[in-house]
Structure formats: C-alpha cells, structure tokens
Amino acid sequence: MSYLLLALMTASCQSSPNTDTTNEGFQDLNVAEFKQKMETSGVVVLDVRTPEETAEGMITGAQELDFRAPDFQEQLEKLDPDKTYLVYCRSGGRSSSACSMMEEMGFKDVYNLVGGYQRWSAEN
C-alpha cells in the first residue's frame, strides 16, 4: 500500500514524458530553450518549489513563489500578466500546474521547464 502511495505521489510531481512544446496554451521548454529565453529582456523566472527545496539551490535570479503555499493564487494575482514568465519546480509537475493556472488567469506568455530543477542541475 505504501509503495502505491509513493508511486502516486512521485508521478504527481513529474511532467508527462510527452515533449510536445504546447500544453493548454503554455509552452514546455527544455533546458537549452529555457536558458535562451532567460536572455530575453524583461523575463521573470519563477521557482515554485518549497522554501526547503530552494534552500538546496535555485536558478540565479529566480523569484520564489511556493506552489504549496495557501496564498499561491493570491501571489500570482500580484504579478503583471503581460510579462513573460519562465516557471520551474523540482521535476516539472508543479510548474506545469502553475503555468495552467497562470494561463487561466490571463497571463499571455508562460513557459514551463521540462524536468524542472533536477534536469537544470544535471545539464549545468
């Protein structure tokens, strides 16, 4: 039973293996594409991991916004929906959900890092 629970919890934090660049209006980017987008002027990088996770390392210049915080949606509402956002979490699941929320809230230019910080760390 605990194995099944662990498997479900792990799966919920991972992005789908499909690397199609479009999901529900936002785009998935690999590490190279994400880095290239980071060079664009005015881009905001959002780290939606927990404070415990970000304490272990994060992408330089990223803004922390804990997806699991009770006021996560309220924090999103404070952001400018006309800016470009590059979003990541540990492995891509939470950031994908955050991107979906942002699209529903009217954000126009949102990108998800496939594989999250784990992939970023492995490739940098």
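It should be emphasised that the depicted structure is a prediction, and the values quoted were computed from it without experimental measurement.

Asks: Just to check I follow, could you spell out the confidence of the model for the chain for this structure?
Replies: Do not read the predicted coordinates in detail wherever pLDDT is low. With 81% of its residues at a pLDDT of 70 or more, the chain shows a mean pLDDT of 84. Below a pLDDT of 50 lies the segment residues 1-23, which in the model reaches 18 contacts outside its immediate sequence neighbourhood of four places, other chains included.

Asks: Honestly, the state of the cysteines in this entry has me stumped. Any pointers?
Replies: With the rule as written, the count across this model stands at 0 disulfides. Summary of cysteine pairing: Cys-99 is not part of a disulfide, and the nearest cysteine sulfur, belonging to Cys-89, is at 9.2 Å. Here Cys-99 falls in the buried class, since its relative accessible area comes to 0%.

Asks: Please explain helix α6 (residues 116-123) as it appears in this structure.
Replies: Along α6, the positions that sit buried rather than exposed are Gly-116, Tyr-117 and Trp-120. Here the buried residues of α6 occupy an arc of 100° about the axis, which is enough to place them on one side. On the buried face of α6, the contacting elements are α2 (31-38), β5 (84-88) and β6 (109-113).

Asks: What is the right way to read the pattern of salt bridges from this model?
Replies: Side-chain pairing between opposite charges can occur once the charged atoms of the two side chains come close. Applying the stated criterion across every chain yields a total of 3 salt bridges. Notably, a salt bridge pairs Asp-47 with Arg-49, separated by 2.7 Å at the nearest N-O pair. Here Asp-47 and Arg-49 have matching classes, each one buried. Note that Glu-53 is salt-bridged to Arg-94, the shortest N-O span being 2.8 Å. Of the two residues, Glu-53 is situated in helix α3 (residues 51-54) and Arg-94 in helix α5 (residues 93-104); the sequence distance between them amounts to 41 residues. Both residues of the pair, Glu-53 and Arg-94, belong to the buried class.

Asks: Would you mind going over the side chain of Arg-94 with me for this structure?
Replies: Owing to a relative accessible area of 6%, Arg-94 belongs among the buried residues under this scheme. Look past the residues within four positions of Arg-94 in its chain and what remains in contact with it is Val-48, Arg-49, Thr-50, Glu-53, Phe-67, Arg-68 and Cys-89.

Asks: Looking at this structure, how should I read the packing of α2 against α6?
Replies: Closest axis-to-axis distance for the α2/α6 pair is 10 Å, and the angle between their directions is 90°. Our classification of the angle between α2 and α6 gives roughly perpendicular. Contacts from Val-31, Phe-34, Lys-35 and Met-38 of α2 reach α6 at Arg-119, Trp-120 and Glu-123. For the contact of α2 with α6, the class distribution of residues is 4 nonpolar, no polar and 3 charged.

Reading the values: rules and limits
Residues numbered from 1 in each chain as written. Predicted model: local features only at pLDDT ≥ 70, side-chain atom pairs only at ≥ 80, totals over all residues. Heavy atoms only, no water. pLDDT = per-residue confidence, 0-100. Contact = heavy atoms within 4.5 Å. Disulfide = S-S within 2.5 Å. Buried < 20%, exposed > 50% of the residue type's maximum accessible area, 1.4 Å probe, protein only. Helix = DSSP H or I, 4+ residues; strand = E, 2+ residues; numbered from the N terminus. Arc of directions from axis to C-beta. Salt bridge = Lys/Arg side-chain N within 4 Å of Asp/Glu carboxyl O. Axes fitted to C-alpha atoms, helices over the stretch in contact; angles between N-to-C directions. Parallel < 35°, antiparallel > 145°, perpendicular 65-115°, else oblique. Nonpolar A, V, L, I, M, F, W, Y, C, P; charged D, E, K, R; others polar.

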